[in-house]
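Letter by letter, the chains look like this.
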Amino acid sequence: MAAYTPMIMQYLQIKADYQDAFLFFRLGDFYEMFFDDALKASQELEITLTSREGGGEERIPMCGVPYHSAPGYIEQLIQKGHKVAICEQTEDPRAAKGVVRREVVQLITPGTVMEGRGLNEKENNFIAAVSMFDDGSYGFASSDLSTGESRLTILSGSFEGVLNELSLSGAKEVVLDSSTPEDLKNKLKERSVLAFSYENQIEMKESYQHLLSELVDDKAKSVAARLFNYLHRTQKRSLDHLQPVLAYEVEQFMKIDYFSKRNLELTETIRSTAKKGSLLWLLDETKTAMGGRMLKQWINRPLLNVKGIERRQAIVDLFMMNFFERHEIREKLKEVYDLERLAGRVAFGNVNARDLVQLKKSLLQIPLLKETLVSMGNEDAIELAAKLDPCEEVTDLLETALVENPPLSIKEGNIIQDGYDNQLDQYRDASRNGKTWIASLERQEREKTGIKSLKIGYNRVFGYYIEVTKANLHLLKEGQYDRKQTLSNAERFITPELKEKEDLILQAEEKIVELEYEIFVTIRETVKEYIPRLQTLAKTISELDVLTSFAELSEQRRYVKPAFTDERRIVLKDGRHPVVEKVMNAQEYVPNDCFMDRERELLLITGPNMSGKSTYMRQVALTAIMAQIGCFVPASEAVLPVFDQVFTRIGAADDLISGQSTFMVEMLEANNAIANATENSLILFDEIGRGTSTYDGMALAQAIIEYIHDRIGAKTLFSTHYHELTALDENLSMLKNVHVSAVEQNGKVVFLHKIKEGAADKSYGIHVAQLADLPPELISRAAEILETLEMKDELGAARATVGNSRVIHESGADVKTESMPSKVESETSEQESNSTEPTDYSAGQLSFFDEAPVKAKAVAPNKKEKRVLEKLTELDILDMTPLQAMNVLYELQRKLK
Ligand code: ADP
């Protein structure tokens, strides 16, 4: 290999330590990239690729971005998941002997962005660290470098717990041990992780010890150390704004797994992954960025502790009753700047004077907020007021030191007020006096020469000069001034006196700029000492913001305060789906009740497609979540248990998970609920079993329902299009049928969106197609096919009776072999109770159902059926997982067919 030039050698040496980052190598006014970095960056950033001699045999690929526009390019790379190492010249090039010394001063990564578009105001930007321990447990820590918040937890059990925490944090970068197995990394990658980083140093540095409570164990310490050591190593500067680490246990909060969270669209919608249309979007009436971030954290972790919930409710209640004070407080909150991120930038040393003026304006709101709160006279309000720390010393300092409208730059002066610093005042005097002297010189010279247009000007190259137009030159005496510059229609002159004053002025101005910068840095360092107080204040402000915003929303949308019961009872009167209600005109939304208790653990919901089944189920879950974050809920009356977990399996999310079949995903999610739910959980199953053939689907659906009914007892809403399942209420005492009503008018179905007791009579799929304006021929052909299919189906149903029987029970003695013909009864009763319901399709169906199942029961089992029955009796159900049970069930049913 031919020898590279010393500079390229230096580049290669530095690059060796930053293999996985783009190295932005400072060369004069540019950041240059070389070799592969240049090839990749020119593509990613669409900038011109060039090359240069570097001493080697071939020219070296190169591309670069100007120093001043670098932030935009860095942002682009970071958003694509890349890392950027900023390498600066760390000595004055004029003083350097040989190659200028260069060092990486910061590594910017997706998880450590401090400013710019990479940071969304109302979003945290967490970076996470994961540790695996020998006992099979995992450590999970996360920090938002921009706000200084950190938290950590130790998770026993499966890696799924880690994935859940990761998706709750939304971290785009994860710090791992370099020996982490590939399969775990792949799982992390599926949860939108953009970048992996490695840190094997897990000893906690002395300087970060104080951030950890003494109570945390060694595992917790090591995962926190992994994260902090990484931050320390990459940021290469003071991280004084890091707040004490919050250690938590996942059991302290309502658990909503990743799929359920997506399905319920808590913080983003499934289709567009946008905030708009999510629960967060509905609830977000916050006025500050900090409040917005806190709200999202609350939604991600609803509380289990009733006292905690009621504390929030009490304040919401208070602000609902005090409209004017609420209004006043929200107006003032608008003026409060992002104190948390500001504290971060103070610590990082990249605030400017404008930021500090904003800080002052924010702090000036605090006494006003306190006053309003105190005036409410209520105990809770007074307590809140007491918690608001106005940090007066900071306000005073900033008020006396900074001018009202400082420039963006902190290196050009005009930041500090007169009277704040003696020395500065003296320099300013000198400069001002000099300028006054020059102004009077201009007057004097005009008089002396009689040239009215004579003027004294200034430019950067020549400094101060006397300008006389050509027409007036003859009025000057020979040698009166020294000639300096000739313009087309004027001459410029100087005098020794003028230059003397100029020196004084310029010196003063240079000193002013230097001194102002120094003073600014001192002020910044003083503010730094207040960071912990500012962060506490930020938390209180955020809380006030979220709670007043709950009150605002609850009043606007007529929500009520839910009461909590430990009797496992749900009473929702006139419940609404909060988001659908908002999107739709409130008058059009049909409210629905929901009543469940120990006798009604499971609701089986039937009704036409598009009638509102899944909306109804979701509204119950969203109401529970809103209640447990302390918000009021969309109902006219609400009593709820505190749910420990919410599980959902709702269609339509399938396409999201690549590489797995819809049905497999369905079963995985179902299994997740079945394996983890308790009697205090809420389960929503929407059309489970749809992803496979009718009989498998129905068998699985039934087995799942029975399992939940017998073994778990979780509050469950189960919607289905298998009408056969509605007969389950005969055997399952805690299962009740409800349906969404629809009526047919002039051959078209009209949805009433009203939930009623009992089972629905049929599905209206074809009518929905009709509503969607499919061609009439197509519709009538579909009706024909349906009729044929229904006839076949009923014959099939008769044959599959065993599959439909209730088989999951501890002993064979409990095996019942009746079929499920009670659908007939429920349909009849439905028709009786609602005479507007049509009868045309069901007529044919009735006659079949009347007889076929009964006959099947009467016939003695043949050899094949006997074998199946024997197998069934032998099964050791207690020793099977639900999924195994389903598989066996499937197998047996297949034998029969
Ligand atoms: P299903 O699950 O029965 O197929 P959805 O719950 O998806 O039906 O509801 C279909 C549509 O009906 C929703 O998008 C919504 O516009 C409307 N809808 C649902 N429930 C109501 C209601 N209670 N009041 C008014 N419109 C509703």
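Residues numbered from 1 in each chain as written. Predicted model: local features only at pLDDT ≥ 70, side-chain atom pairs only at ≥ 80, totals over all residues. Heavy atoms only, no water.

- Going by the annotation in an unreviewed UniProt entry, the name recorded for the protein chain is DNA mismatch repair protein MutS, with Mesobacillus persicus given as the source organism.
- The UniProt entry for the protein chain carries the following comment under Function (unreviewed entry): "This protein is involved in the repair of mismatches in DNA. It is possible that it carries out the mismatch recognition step. This protein has a weak ATPase activity."
- Reading the Sequence similarities (unreviewed entry) entry of the UniProt record for the protein chain gives the comment "Belongs to the DNA mismatch repair MutS family." (UniProt positions renumbered as here; feature names shortened; annotations may be inferred.)

## With respect to the overall build of the protein chain
Part 1 of the reasoning: Across its full length, the protein chain holds 30 helices and 27 strands.
Part 2 of the reasoning: Out of the 897 residues belonging to the protein chain, those deemed buried represent 52%.
Part 3 of the reasoning: Counting contacts in the protein chain only where the partners sit at least 6 residues apart, residues at least 24 apart contribute 69% of the total.
Part 4 of the reasoning: Of the roughly 41,700 Å² that the protein chain leaves accessible, carbon and sulfur atoms contribute 50%. (Helix = DSSP H or I, 4+ residues; strand = E, 2+ residues; numbered from the N terminus. Buried < 20%, exposed > 50% of the residue type's maximum accessible area, 1.4 Å probe, protein only. Contact = heavy atoms within 4.5 Å. Areas by Shrake-Rupley, 256 points an atom, 1.4 Å probe, with all protein chains shown as cover.)

## Things to note about the site of the ligand
Part 1 of the reasoning: Close contacts around the ligand come from 14 residues, with V590, M610, K613, S614 and T615 the closest.
Part 2 of the reasoning: Take G612: an N or O atom from its main chain is 3.0 Å from an oxygen atom of the ligand.
Part 3 of the reasoning: Measuring from an oxygen atom of the ligand, one finds a backbone N or O atom of K613 at 2.9 Å.
Part 4 of the reasoning: Contact with the protein chains hides 78% of the accessible area of the ligand, taken as 560 Å² for the molecule alone.
Part 5 of the reasoning: The element that contributes the greatest number of residues to the shell around the ligand is helix α21 (residues 613-628), accounting for three residues.
Part 6 of the reasoning: Looking at the shell around the ligand residue by residue, the classes come out as five nonpolar, seven polar and two charged. (Near = heavy atom within 4 Å. Polar contact = N/O pair within 3.5 Å; in protein donor to acceptor, adjacent residues only side chain to side chain. Nonpolar A, V, L, I, M, F, W, Y, C, P; charged D, E, K, R; others polar.)

## Digging into the nonpolar core
Part 1 of the reasoning: Counting 124 residues, the largest nonpolar core has L283, L359, L373, I523 and F550 as the members making the most contacts within it.
Part 2 of the reasoning: Broken down by element, this core gets its largest block of residues, 11 residues, from helix α19 (residues 531-556).
Part 3 of the reasoning: Among all residues touching L283, those that are not within four sequence positions of it are L295, I299, S549, F550, L553, M626, I629 and C631.
Part 4 of the reasoning: Core analysis: the next-biggest nonpolar cluster, separate from the first, contains 40 residues, I8, Y11, F34 and Y208 among them. (Core = buried A, V, L, I, M, F, W, Y, C linked by side-chain atoms within 4.5 Å.)

## Side note on the packing of helix α29 (residues 863-874) against helix α30 (residues 882-896)
Part 1 of the reasoning: Contact pair α29 / α30: the axes reach a minimum separation of 9 Å and the direction vectors enclose 170°. Here α29 is positioned roughly antiparallel relative to α30, judged by the angle of their axes. In this structure, the crossing between α29 and α30 has a hand that is left-handed. Residues K864, E865, V868, K871 and L872 of α29 touch α30, and the partners they reach there are L892, K895 and L896.
Part 2 of the reasoning: Looking at the contact of α29 with α30 residue by residue, the classes come out as four nonpolar, no polar and four charged. (Axes fitted to C-alpha atoms, helices over the stretch in contact; angles between N-to-C directions. Parallel < 35°, antiparallel > 145°, perpendicular 65-115°, else oblique. Left-handed = near helix turned anticlockwise from the far one by under 90°.)

## Examining the UniProt feature "binding site: ATP" (unreviewed entry) in the protein chain
Part 1 of the reasoning: When the UniProt feature table is mapped to this numbering, "binding site: ATP" (unreviewed entry) covers G607, P608, N609, M610, S611, G612, K613 and S614.
Part 2 of the reasoning: Inspection of the secondary structure puts N609 in the loop between β21 (602-606) and α21.
Part 3 of the reasoning: Using a relative accessible area of 29% as the deciding quantity, one classes N609 as partly exposed.
Part 4 of the reasoning: Within the element layout of this structure, K613 appears in helix α21.
Part 5 of the reasoning: Accessibility expressed as a relative area gives 6% for K613, which makes it buried.
Part 6 of the reasoning: In terms of polar contacts, K613 uses its side chain to reach the backbone carbonyl oxygen of G607, at 3.0 Å.

## Observations concerning the sheet that holds β21
Part 1 of the reasoning: Pairing is mixed across the open sheet formed by seven strands, whose spatial order is β13-β23-β24-β25-β21-β26-β27. If you trace the sheet from one side to the other, it starts and ends with β13 (255-256) and β27 (748-757), each paired once.
Part 2 of the reasoning: Judged from the four bridges that link them, β21 and strand β25 (residues 715-719) form a sheet pairing that is parallel. Residue pairing across strands places L604 opposite F718, the latter belonging to β25.
Part 3 of the reasoning: Helix-sheet contacts for α21 involve β13, β21, β23 (645-649), β24 (682-686), β25, β26 (735-745) and β27, and the interaxial angle to β24 is about 160°. (Pairing = 2+ DSSP bridges.)

## Brief notes about the pattern of salt bridges
Part 1 of the reasoning: The final tally for this structure, using the stated rule, is 53 salt bridges.
Part 2 of the reasoning: For the salt bridge of E509 with K435, the shortest nitrogen-to-oxygen distance reads 2.7 Å. With E509 in helix α18 (residues 496-529) and K435 in helix α17 (residues 422-449), this residue pair connects regions lying 74 residues apart in the sequence.
Part 3 of the reasoning: Judged by its relative accessible area of 27%, E509 is partly exposed.
Part 4 of the reasoning: In this structure, E467 engages R492 in a salt bridge whose closest nitrogen and oxygen atoms are separated by 2.7 Å. Highlighted residues: E467 in strand β15 (residues 463-469) and R492 in strand β17 (residues 490-494), separated in sequence by 25 residues.
Part 5 of the reasoning: The structure contains a network of salt bridges with shared partners spanning E149, R151, R293, D338, E340 and K539. (Salt bridge = Lys/Arg side-chain N within 4 Å of Asp/Glu carboxyl O.)

## As for helix α13 (residues 339-348)
Part 1 of the reasoning: For α13, the tally of buried residues reaches 10 of 10 residues, placing the bulk of the element in the interior.
Part 2 of the reasoning: Listing the buried residues of α13 in full gives L339, E340, R341, L342, A343, G344, R345, V346, A347 and F348.
Part 3 of the reasoning: Two residues or fewer past α13, G349 is found with a positive phi of approximately 80°.

## Some words on the environment of D597
Part 1 of the reasoning: Mapped onto the elements, D597 comes out in the loop between β20 (592-596) and β21.
Part 2 of the reasoning: Of note is the side chain of D597, whose polar atom sits 2.9 Å from the backbone nitrogen of E599.

## What about the environment of N676?
Part 1 of the reasoning: Structurally, the position occupied by N676 is in helix α22 (residues 662-676).
Part 2 of the reasoning: Sequence-wise, N676 and F647 are 29 residues apart; in three dimensions their C-alpha atoms are separated by 9.2 Å.
Part 3 of the reasoning: Residues in contact with N676, not counting those within four places in the same chain, are Q645 and F647.
Part 4 of the reasoning: A distance of 2.8 Å separates the side chain of N676 from the side chain of N672, its partner in a polar contact.

## Description of the packing of aromatic side chains
Part 1 of the reasoning: With the rule as written, the count across this model stands at 16 aromatic pairs.
Part 2 of the reasoning: When the ring of Y481 is compared with that of F493, the centres are 5.7 Å apart and the planes differ by 50°; the resulting orientation is tilted. Of this pair, Y481 sits in the loop between β15 and β16 (482-486) while F493 sits in strand β17, and the two are 12 residues apart along the sequence. Neither residue differs from the other here; Y481 and F493 are each classed as buried.
Part 3 of the reasoning: One aromatic cluster is present, built from ring pairs that chain together Y4, Y11, F25, F34 and F35.
Part 4 of the reasoning: A cation over a ring is seen here: R301 above F253, with NZ or CZ 5.8 Å from the ring centre.
Part 5 of the reasoning: When the ring centre of W281 is taken as reference, the NZ or CZ atom of K582 above it lies at 4.4 Å. (Phe/Tyr/Trp six-rings, centres within 6.5 Å; stacked < 30°, edge-to-face > 60°. Lys NZ or Arg CZ within 6 Å of the ring centre and 35° of its normal.)

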